[in-house]
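Structural features, examined
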Amino acid sequence: MAHPKRRQSKSRRNKRRAHIKIQEPLLVQCPLTHQKHLYHHAYWHEGKLYYRGKMVLQKDNPSME
């Protein structure tokens, strides 16, 4: 197995690690409900499922009747 001849410097190590970091999730605001949600994801708000600015599904809650 090959082994390095010389130790890699701290600056080379840090340059490699410069791209390894935590990124914030991409949040957008719905034009209909003004709720923040993940981009390209459906989300629930007040018992309704929204996707791309439209209501897709409404949750029927028997306890509310």
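Residues numbered from 1 in each chain as written. Predicted model: local features only at pLDDT ≥ 70, side-chain atom pairs only at ≥ 80, totals over all residues. Heavy atoms only, no water.

So, the packing of aromatic side chains
Keep this limit in mind: When two rings of Phe, Tyr or Trp (its six-membered ring) have centres within 6.5 Å they constitute a pair, described as stacked for plane angles under 30 degrees, edge-to-face for angles over 60, and tilted for the intermediate range. To sort residues, take the accessible area from a 1.4 Å probe on protein chains only and compare it with the maximum for the residue type: under 20% means buried, over 50% means exposed, and anything in between is partly exposed. Criterion for a charge above a ring: Lys NZ or Arg CZ within 6 Å of the ring centre, and within 35 degrees of the ring normal.
If you walk through the whole model with that rule in mind, you get one aromatic pair. Their ring planes at 25 degrees and their centres at 5.7 Å tell us that Tyr43 and Tyr50 sit as a pair that is stacked. Overall, Tyr43 belongs to the buried group, its relative accessible area being 11%. Judged by relative accessible area, Tyr50 falls into the buried class, the value being 8%. The ring of Trp44 is capped by Lys59, whose NZ or CZ atom sits 5.6 Å from the centre of that ring.

What about the side chain of His45?
As a reminder, the rule being used: Helix numbering and strand numbering both begin at the N terminus, where a helix is a DSSP run of H or I of at least 4 residues and a strand a DSSP run of E of at least 2. Contacts are residue-level and defined by heavy atoms, with any inter-residue pair within 4.5 Å sufficient.
Within the secondary structure layout, His45 lies in strand 3 (residues 43-45). His45 sits in the buried class, given a relative accessible area of 17%. The residues contacting His45, other than those within four sequence positions of it, are Thr33, Gln35 and Tyr50.

Things to note about the confidence of the model for the protein chain
For the record, the criterion: A score between 0 and 100, pLDDT records how confident the predictor is in each residue.
On average, residues of the protein chain score 88 in pLDDT, and 92% of them reach the 70 mark or higher. When mean pLDDT is taken per element in the protein chain, helix 1 (residues 10-17) scores highest with 95 and strand 5 (residues 54-58) scores lowest with 87.

Examining the pairing of strand 5
Counted only if it meets this: A strand pair is defined by DSSP finding two or more bridges across the two strands.
Both strand 4 (residues 48-51) and strand 5 contribute to a ladder of four bridges, which runs antiparallel. Paired with Tyr51 across the two strands is Lys54, which belongs to strand 5.

Focus: the environment of Cys30
Among the structural elements, Cys30 can be located in the loop between strand 1 (27-29) and strand 2 (36-38). Residues Cys30 and Tyr51, spaced 21 residues apart in sequence, show a C-alpha to C-alpha distance of 8.9 Å. Discounting chain neighbours no more than four positions away, the residues touching Cys30 are Gln35, His37, Tyr43 and Gly53.

A few points about a nonpolar patch on the surface
The condition that has to hold: Any residue with relative accessible area above 30% and no salt bridge may belong to a patch, with like charges joined within 9 Å and the nonpolar Val, Leu, Ile, Met, Phe, Trp and Tyr side chains within 5 Å. Residue burial considers only the protein chains on display, and all accessible areas are found by Shrake-Rupley using a 1.4 Å probe. The working definition used for a salt bridge is a side-chain nitrogen of Lys or Arg within 4 Å of a carboxyl oxygen of Asp or Glu.
A contiguous nonpolar surface patch, about 400 Å² in accessible area, is contributed by Trp44, Tyr51, Val56 and Leu57. Turning to its location among the elements, Trp44 is positioned in strand 3.

Examining the sheet that holds strand 4
Which entries qualify depends on this criterion: Axis definition: a line fit to C-alpha positions, over the contact stretch in the case of helices; interaxial angles, taken between N-to-C directions, run 0 to 180 degrees.
One open sheet accounts for three strands, arranged 3-4-5; its pairing is antiparallel. Two strands in the sheet have a free side with no partner beyond their single neighbour: strand 3 and strand 5. Along the sheet, successive strands turn relative to each other by an average axial angle of 40 degrees, direction set aside. Pairing of strand 3 with strand 4, which is carried by three bridges, proceeds in the antiparallel orientation.

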